[in-house]
Amino acid sequence: MFSTKFFASVLLAVVCASTTTAMPWPASLRHTTHRTRELTPNFKLEAFHPESTFETFGAGIDHPLKKRAGEDLEDDAVSFVESQLGISKDDITFKSGFSSDVAKHAFVRQTINGIPVANAVANVVFNNDGKVVSFGSSFVKPTNFRTPSTTPSLTVEQAISKAEAALGGKFNDHPATLEFVVKEDNSLVLTHVVQIENDATGAWVEAFVDARTGDIVHITDFVTKASYRVLPISKEILTEGFETLTDPQDLAASPNGWHSDGTTSTTTTAYVLTAGIVFSSKQFLTPHFSHDSGNNAIAFKGAQTATTSQSSTGLNFIFTQNPAQAPTAGQNLDAARTNAFYVVNTVHDISYRYGFTEGAFNFQNNNFGKGGSGNDRVTISVQDANGIDNADFATPADGQSGRMRMFLWDLTNPQRDGALENDIVVHENTHGITNRMTGGGTGRCLQTLEAGGMGEGWSDAMAEWTEHKDATVPNYVLGQYVINDSAGIRSFPYSTSATTNPLRYSSLKTLNEVHDIGEVWANILHNVYAGLVGAHGFSATAKTDPTVTGGNAVFLHLFLDALPLQPCNPTFLTARNAWIQADVNRFGGANSCTLWRAFASRGLGVNAANHNDDSTVPSGC
Ligand SMILES: *[C@@H]1O[C@H](CO)[C@@H](O)[C@H](O)[C@H]1NC(C)=O
Ligand SMILES: [Ca+2]
Ligand SMILES: [Zn+2]
């Protein structure tokens, strides 16, 4: 059997071959502002993201329009930014916004002569008293740069050809935009922003093409690859066995069930069974699709027409996975498609209950008039032919489908299918949640190394969350099934023991890869979870009822609430502060000391800075 360390290096080599041959990473401060993107052997670019400032205001502060009658999220946010930064209203544009039950979120961007600056954005959050509770900003000071022409000298078509040639992909017909990019030297570059995809490599980026020279000056990479050495949702691996579930869909989150988009109305009774997991779902209101395709997701192999059809009439999906056979043989493919469909729908329903709604830029085809952009259900490519021993998830902006690709794993004989390991599917799906909820649905705000690392950490933490069954908080290991190794795919189990898992904030000084950084964040969140469950116990119904009081429910509220609070390209410090503020917004700060103690236990105390540990908690804790 292979050791975990062996796998770690194999997988890192697979996923990060390019970065290991690159020059050594610069000082760790660049974690928070830079990310090297090597998209082809010939294309390398270090993308720059101005550092985001982030302030939180506890119970809230007034904004300039507070005394005016009525509230207008757009005006209130713009005038607040104007007052904070001394930037003219004309240079601040409202981009998107939404309200949760406890906060109103506004996402704005800097514009110069009417052209948006892609990497200069801000977010203002108001509580239900109409006060400002947080402000994140990567706006740049207008005095620091000369404004170039707002008229491109290259046409969009010319920019597309340049990007296709440089990146080895094809323009995907998503409408191009004209935006400025701030470079590290504070200069502004006018760019055509074009989306380029490569089906074979899975690359999917926004290329910012200098509208004068045709050079690519900035990249948004929508794809988060797994290097994790990666059945009901609380089960992780097949060997834990299958069981029967009744009515798995949460009708509050998916009002027409999982197999309908609400456009056709029939009244068939529905039963869904998957991979030995049996759903007796009797309450689908308007079943419309008789295959693994619905409002939140479509699972297929090869082409979107290749879905799993019901095994018998009445929306039965009964496919028994045979572990002795290849993943492609017998009923195994249908079992895999059905399981992936089930897990993605379940994550949709759970996260919806805790705030990842239509307005908060989630993935649905039909948004039922509840805000946000539709036509963006998750596409799940099972047994995808373009990869091995991995999985990935691409998160473009709200309104374009999230794209999950699950690959086979060839470390065992027969091979194993990542679509059958729930923690892999949950991990991937969570990339969609964090990339959409941070920064207002643009898919552009977890791009720095440190923010990308936290993206991996949140994904592991969500996978862990789905598997807890009671108030014990055992060590958590991810990805045992696909590699057939009980040690899983990470360096250490996530643990409340600092001996079992020694990772802490200062570990970032020597970590230069997103999954490695993610392990630090996931381990911190494991300890936050343990603190909250220790304080509040465990609610068994938290997956479908966000009003329960268990620490697991508190954790997931804060997890989702903090995402739209934190600034674009958050750091460990600003993400921590967003959790503390989220607790004020929802629970009046009741968990402040619990949170601080957990963060401080792993080096993220009040005086932590620049990847130096601090274990101080606020006075009174
Ligand atoms: C998984 O590992 C166990 C223990 O090492 C081994 O007996 C078994 O054959 C492996 N399974 C596969 C499919 O490789
Ligand atoms: Ca959407
Ligand atoms: Zn990942």
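Residues numbered from 1 in each chain as written. Chains lettered and ligands numbered in written order. Predicted model: local features only at pLDDT ≥ 70, side-chain atom pairs only at ≥ 80, totals over all residues. Heavy atoms only, no water.

Taking an unreviewed UniProt entry as the reference, the protein is identified by name as Extracellular metalloproteinase belonging to Meripilus lineatus. Recorded under Subcellular location (unreviewed entry), the UniProt text for the protein is reproduced unchanged: "Secreted". (UniProt positions renumbered as here; feature names shortened; annotations may be inferred.)

Engineer: Requested: an account of the pattern of salt bridges, with residues and values cited.
Structural biologist: One pass over the full model with this rule turns up 18 salt bridges. Measuring nitrogen to oxygen at the nearest pair gives 3.7 Å for the salt bridge that ties Asp221 to Arg37. Pair noted here: Asp221 is in strand β12 (residues 216-221) and Arg37 is in strand β1 (residues 34-40), with a separation of 184 residues, a long-range link. Judged by its relative accessible area of 14%, Asp221 is buried. Linking Arg436 and Asp398 is a salt bridge whose minimum nitrogen-to-oxygen distance equals 3.7 Å. On the criterion of sequence distance, the pair formed by Arg436 in helix α5 (residues 422-437) and Asp398 in the loop between β20 (391-394) and β21 (403-406) is long-range, its members being 38 residues apart. Since its relative accessible area comes to 16%, Asp398 is described here as buried. Connected through shared salt-bridge partners, Arg30, Glu46 and Glu184 make up one network. (Salt bridge = Lys/Arg side-chain N within 4 Å of Asp/Glu carboxyl O. Helix = DSSP H or I, 4+ residues; strand = E, 2+ residues; numbered from the N terminus. Buried < 20%, exposed > 50% of the residue type's maximum accessible area, 1.4 Å probe, protein only.)

Engineer: Account for the UniProt feature "domain: FTP" (unreviewed entry) in the protein, with residues named and values stated.
Structural biologist: In this numbering, the UniProt entry assigns the feature "domain: FTP" (unreviewed entry) to residues 105-139. Structurally, residues 105-139 is divided into 0% helix and 77% strand, and its ends, taken at the C-alpha atoms, are 17 Å apart.

Engineer: So what's going on with the coordination of the calcium ion (ligand 2)? Which residues, and what values?
Structural biologist: Ideal values for angles at a metal depend on the geometry: 109.5 degrees with four tetrahedral donors, 90 or 180 degrees with six octahedral donors. Looking at the calcium ion (ligand 2), one finds its protein donor set to be Asn362 (O), Ser373 (O), Asp376 (OD), Asp376 (OD) and Asp398 (OD), positioned 2.2 to 2.8 Å from the metal centre. The sequence motif formed by the donor residues of the calcium ion (ligand 2) is N-x10-S-x2-D-x21-D. Of this pair, Asn362 sits in the loop between α4 (332-353) and β19 (378-381) while Asp376 sits in the loop between α4 and β19, and the two are 14 residues apart along the sequence. Residue Asp376 is classed as buried on the basis of its relative accessible area, which comes to 0%. (Donors = N, O, S within 2.8 Å, 3.2 Å for Na, K, Ca; no water.)

Engineer: Explain the pairing of β12 residue by residue, including any values.
Structural biologist: Within a regular strand, side chains alternate between the sheet's two faces. Counting buried residues in β12 gives 6 out of 6 residues, a clear majority hidden from the surface. Here 5 bridges tie strand β11 (residues 203-210) to β12, and the two strands are oriented antiparallel to one another. Bridging from a neighbouring strand, Phe208 pairs with His218 of β12. In this antiparallel pair of consecutive strands, β11 and β12, the connection spans 5 residues, and Gly214 shows a positive phi of 85 degrees. (Pairing = 2+ DSSP bridges.)

Engineer: Residues and numbers for the coordination of the zinc ion (ligand 3), please.
Structural biologist: With distances of 2.0 to 2.1 Å, the protein atoms coordinating the zinc ion (ligand 3) are His427 (NE2), His431 (NE2) and Glu456 (OE). Each donor residue of the zinc ion (ligand 3) lies on the same chain, and together they follow the pattern H-x3-H-x24-E. Of the two residues, His427 sits in helix α5 while Glu456 sits in helix α6 (residues 449-467), which places them 29 residues apart along the sequence. Summarising the burial analysis for this pair, His427 and Glu456 share the class buried.

Engineer: Describe in detail the side chain of Asn435, supporting the description with residues and values.
Structural biologist: Considering the arrangement of structural elements, one finds Asn435 in helix α5. For Asn435, a relative accessible area of 6% corresponds to the buried category. Reaching out from Asn435, the side chain makes a polar contact with the backbone oxygen of His431 at a distance of 2.9 Å. Sequence-distant contacts of Asn435, defined by excluding residues within four places in its chain, comprise Thr224, Thr395, Gly443 and Leu446. (Polar contact = N/O pair within 3.5 Å; in protein donor to acceptor, adjacent residues only side chain to side chain. Contact = heavy atoms within 4.5 Å.)

Engineer: I'd like a rundown of the sheet that holds β20, residues and numbers included.
Structural biologist: If you trace the 6 strands from one edge of the open sheet to the other, you get β13-β20-β21-β19-β17-β18, paired in mixed fashion. Here the strands that pair on one side only, and so sit at the sheet edges, are β13 (223-225) and β18 (303-307). In this sheet, adjacent strand axes meet at a mean angle of 30 degrees when their direction is disregarded. The sheet strands contacting α5 are β13, β19, β20 and β21, and the helix crosses β20 at an angle near 20 degrees. (Axes fitted to C-alpha atoms, helices over the stretch in contact; angles between N-to-C directions.)

Engineer: Which residues make up the packing of helix α8 (residues 514-536) against helix α11 (residues 592-601), and what are the values?
Structural biologist: It is the contact of α8 with α11, at a shortest axis distance of 9 Å, that shows an interaxial angle of 145 degrees. For the element pair α8 and α11, the recorded crossing hand is right-handed. Facing α8, whose interface residues are Trp521, Ile524, Asn527, Val528, Gly531, Leu532 and Ala535, α11 presents Thr594, Leu595, Ala598 and Phe599. The class makeup of the residues in the contact of α8 with α11 is 8 nonpolar, 3 polar and no charged. (Left-handed = near helix turned anticlockwise from the far one by under 90°. Nonpolar A, V, L, I, M, F, W, Y, C, P; charged D, E, K, R; others polar.)

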